[in-house]
Amino acid sequence: MEESDDRIQQLGVGTVMGLPGDTNLELLNYIGSTDMHWIVNSNELNAAYAADGYARIKGCPGVILTTMGVGELSAINGIAGSFAENVKIIHVVTATGRAAQEKRVMIHHTLGDSPDHRIYAKMSSPVRVAHCYLDDEDTAVAGIDRVIRECYIHSRPVYIYVPVDMAHKPVAASALDKPLLLTRPSETAAEQAAVDAGLGAIYSSKNPVVLVDSLILQLGLKPLVRSFLGNLEFPTFCPFMGKSDYLSLRKKAVEDDSDLVIHIGPLPTDMNTGGFSAKIDPKKLILLQETKVNFKGELFVGVYLESFLTRLSNSLDISRIPKTSSLALPALPPSPPNSEAKDLFITQSHLWPRIGKFFRADDIIFSDGGTCHFGLQDAEFPDITYIMQNHWASIGYALPATFGGAMAKRDLTNSKAEGWNGVKGGGVGRGVWFESNWMLSCKSSANNSSLNYLTLFSIIINNGGYSIERCVVHPDAAYHDIATWNHKHMLDFFGAEDGAARTHQVHTEVELEAVLTRPELEDPKGVHLTKSARQQVLEIFTDKMDFPWRLKAFGKAYQEMKGG
């Protein structure tokens, strides 16, 4: 079924993740005849994470190829995360031949006597929006096209099941000449009614504010939203997963002082609302959701976000937009008083604002959950791409997702194209990956092929264990602790040259400053670096009882939510 590879390549996919297995070897031969690259990952879960990171950077679907049963079930956690966070994934599963399936042969990777070879496909049904079984060459292309369209329309994973004996079945090449329709138009009447209502609310408002949330990034709408906000010039904030500090710092400006709140791409999870502590009066709230607009309690269904925002922005009468005054915002909680000592141990309150100054425009930042997410809210960001997975919140996501992002960066460079949300190819921007030491221990087997494709700085926060759990309950309990690893040898272990020399371990502010100002870290474009020297590791040691202030606030809110 070579045509599945051809159709996928037409989408702009340059890299396929996965592992080889006895049922997918023929498809792998076809991939080798295309311009797509096949990447062998260390396991299927990492492959799924990598495909997610690839999709978030390049904008086309991430593609993962696994065998049935053991392969697809290993990947399902990563696929579920992509479903939860609106990331486009095409999961191609190769299986036993049709005759073996009909006879229910008790072959490896099957369950019990007279096994159903397709039972695993049923297990993944809740975490996909469409699937197809390629059992018939006459309907195969139509099935592939249908699921790809659903993948784009819903921005979520789809599933393509390929029996091994279908790999060589030919179909008419002309079937691939028909262009794919990858968008779904809004209901015209509903969209126009929602636009009229929105314009009226904007023109009559006195103290409007805008919330920009994480779905904007997953749906690739960052340039469109920026243009819209540039016309409005309203005070704009981002909830937690949109990277900012609405969680507690801006609550008064949004909840109390405004008379209109336009919330674009909302994701009302516990993590994104400060443990559901955010309370906005629905009578002044306009929710611009993925497939509908909620206008102060009135629903306009079948209205798609990109189409609606485009029409609303084009319909704005700039002369009627109210002029808003700048808001007086409270300052961040004060840092602990400075000591006379010149070599202070690194604290969370010092670390994250300093990390923000290290970032440069066009950097790509991947961060895992816990301490890193909560701490990075205190970092001032230039125009970067920041990727986190804090709704699904699967530990160990960031490392393989960073690898996928590196592959996307490579493909953008090779094609001289621009990626999702304005991500640039070429040598523009660095990759920075944040991981707590306990999360790194979960993903030590991730593929290190990114060594060749991205200037990558790995920043490990070594705080002695499971900090977010410590902050929620029983901080002194032994079950929060983890075994100690010596990360000094991590790059060497993965085959890099002189890895120990490019691994920096810091305990004090002075040591941290010395590393962050090194030329090869601060401005790698101005320094000649070998492929191996593009990789640097920074391990930052902090006290295990020192938490970012937002993590403390979240822990308190979570305890209250749970009745603790």
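So, how was this worked out
- Within each chain, residue numbers correspond to sequence positions counted from 1 in written order.
- Where totals are concerned, whole chains, interfaces and linings use all residues; where local detail is concerned, this predicted model gives features only for residues with pLDDT of at least 70, and gives and counts side-chain atom pairs only at 80 or more.
- Excluding hydrogens and water, the side-chain values take into account all heavy atoms of the structure.
- Only runs of H or I of at least four residues qualify as helices and only runs of E of at least two qualify as strands under DSSP, and these elements are numbered from the N terminus.
- Here's how the labels work: a residue is buried when its accessible area is under 20% of the maximum for its type, exposed when over 50%, partly exposed in between, all with a 1.4 Å probe on protein chains only.
- It only takes one pair of heavy atoms within 4.5 Å for two residues to be counted as in contact.
- The accessible surface values rely on the Shrake-Rupley method and a 1.4 Å probe; as for residues, cover is taken only from the protein chains in view.
- Here the expected length of a helix is defined as 1.5 Å per residue gap, with one fewer gap than residues.
- The seven residues ending at a residue and the seven starting there each receive a fitted axis; the angle between those axes is the bend at that residue.
- Only one rule defines a salt bridge in this text: a Lys or Arg side-chain nitrogen within 4 Å of an Asp or Glu carboxyl oxygen.
- Pairing between two strands is assigned when DSSP locates at least 2 bridges connecting them.
- Fitted lines through C-alpha atoms serve as axes, helices being fitted only where they are in contact, and the angles separating the N-to-C directions of these axes extend from 0 to 180 degrees.
- By nonpolar core is meant a set of buried Ala, Val, Leu, Ile, Met, Phe, Trp, Tyr and Cys residues that side-chain atoms within 4.5 Å join together.
- Under the pairing criterion, centres of Phe, Tyr and Trp rings, with the six-membered ring standing for Trp, must be within 6.5 Å; the plane angle then separates stacked pairs below 30 degrees from edge-to-face pairs above 60, leaving the rest tilted.
- Whether a charge lies above a ring is judged from NZ of Lys or CZ of Arg, which has to be within 6 Å of the ring centre and within 35 degrees of the ring normal.

Participant: Just to check I follow, could you spell out the overall build of the protein for this structure?
Facilitator: Helix and strand counts for the protein stand at 21 helices and 18 strands. For the protein, the residues scored as buried account for 57% of the 564 residues in total. When contacts within the protein are restricted to residue pairs at least 6 apart in sequence, long-range pairs at least 24 apart make up 77% of them. Here the protein displays about 23,200 Å² of accessible surface, and carbon together with sulfur accounts for 55% of that area.

Participant: Where do I start with helix 4 (residues 70-84) in this structure?
Facilitator: In an α-helix, one turn spans 3.6 residues; hence positions three or four apart end up facing the same way. Its 15 residues place the ends of helix 4 22 Å apart at the C-alpha level, agreeing with the 21 Å of an ideal helix rising 1.5 Å per residue. Maximal helix bending in helix 4 amounts to about 45°, located at isoleucine 76. Looking only at helix 4, the buried set comprises Gly71, Glu72, Ala75, Gly78, Ile79, Ala80, Gly81, Ser82 and Ala84. The inward-facing, buried residues of helix 4 contact helix 3 (44-58), strand 3 (62-67), strand 4 (89-95), helix 6 (119-123) and strand 6 (158-163). Looking at the residues trailing helix 4, positive phi occurs at asparagine 86, about 60°.

Participant: Would you explain the pattern of salt bridges in this entry?
Facilitator: Pairing is possible between side chains of opposite charge, provided their charged atoms come close. Under the definition given, this model contains 16 salt bridges. Between arginine 56 and glutamate 85 there is a salt bridge, with the nearest N and O atoms lying 3.0 Å from each other. Of the two residues, arginine 56 sits in helix 3 while glutamate 85 sits in the loop between helix 4 and strand 4, which places them 29 residues apart along the sequence. The residues arginine 56 and glutamate 85 share a single accessibility class, namely buried. Aspartate 481 is the partner of lysine 544 in a salt bridge, and the nearest nitrogen-oxygen pair spans 3.7 Å. In this pair, lysine 544 sits in the loop between strand 18 (535-541) and helix 21 (549-561) while aspartate 481 sits in the loop between helix 17 (467-472) and helix 18 (490-493), placing the two residues 63 residues apart along the sequence.

Participant: Any chance you could explain the sheet that holds strand 5 (residues 130-133) here in plain terms?
Facilitator: Strand pairing in a sheet is mediated by backbone hydrogen bonds. Such pairs are either parallel or antiparallel. In spatial order, the strands read 2-1-3-4-6-5; together these 6 strands make up an open sheet with parallel pairing. The strands lining the two open edges of the sheet, one partner per strand, are strand 2 (37-40) and strand 5. Within the sheet, the average angular offset between the axes of one strand and its neighbour, ignoring direction, is 20°. Here strand 1 (residues 15-18) runs beside strand 2; their pairing, made up of 4 bridges, is parallel. Pairing of glycine 18 across the sheet is with valine 40, part of strand 2. Contacts from helix 2 (residues 25-32) reach strand 1, strand 2, strand 3, strand 4 and strand 6, with the element oriented near 145° to strand 3.

Participant: Explain the nonpolar core to me, please; I cannot follow it from the model alone.
Facilitator: Taken as a class, soluble globular proteins show a tendency for nonpolar side chains to be buried jointly. Formed by 55 residues in total, the largest nonpolar core has its most connected members in Met17, Ile57, Ile64, Ile90, Val92 and Ile160. Counting residues per element, this core draws most heavily on helix 3, which supplies 9 residues. With residues near it in sequence (within four places) discarded, isoleucine 64 still touches Met17, Glu44, Ala47, Ala48, Ala51, Ala75, Ile79, Ile89, Ile90, His91 and Val92. Judged by nonpolar contacts, the second largest core, of 35 residues, contains Met241, Ile346, Ile459 and Leu516.

Participant: Help me understand the sheet that holds strand 15 (residues 431-436), please; the structure alone is not making it clear to me.
Facilitator: Taken in spatial order, the 6 strands line up as 14-13-15-16-18-17 in an open sheet, and their pairing is parallel. Only two strands of the sheet have a single partner each, and these edge strands are strand 14 (385-388) and strand 17 (503-506). Looking at each pair of strands side by side, their axes are set apart by 15° on average, direction ignored. As paired strands, strand 17 and strand 18 are joined by 4 bridges and run parallel to one another. Each bridged residue has a counterpart across the sheet, and for valine 506 the counterpart in strand 18 is isoleucine 540.

Participant: Just checking my understanding: could you explain the packing of aromatic side chains for this structure?
Facilitator: The geometry of two aromatic rings is summed up by the distance between their centres and the angle between their planes. Scanning all chains against the criterion turns up 8 aromatic pairs. Ring centres 5.1 Å apart and planes at 80° place the aromatic pair tyrosine 133 and tyrosine 161 in the edge-to-face group. With tyrosine 133 in strand 5 and tyrosine 161 in strand 6, this pair connects stretches of sequence that are 28 residues apart. Look at tyrosine 161 and you get buried, because its relative accessible area is 0%. Ring centres of phenylalanine 381 and tyrosine 386 lie 5.1 Å apart, and the angle between their planes is 80°; on these two criteria the pair is classed as edge-to-face. A residue is classified by how much of its surface remains accessible, and phenylalanine 381, at 24% relative accessible area, is partly exposed. Members of the aromatic cluster, connected to one another through ring pairs, are Trp352, Phe359, Phe381, Tyr386 and Phe434. Stacked on the ring of tyrosine 159, the Lys or Arg arginine 128 has its end atom at 4.7 Å from the ring centre. One residue, arginine 430, lies across the ring of phenylalanine 358, its end atom 4.3 Å from the ring centre.

Purely geometric numbers; function is a separate question.
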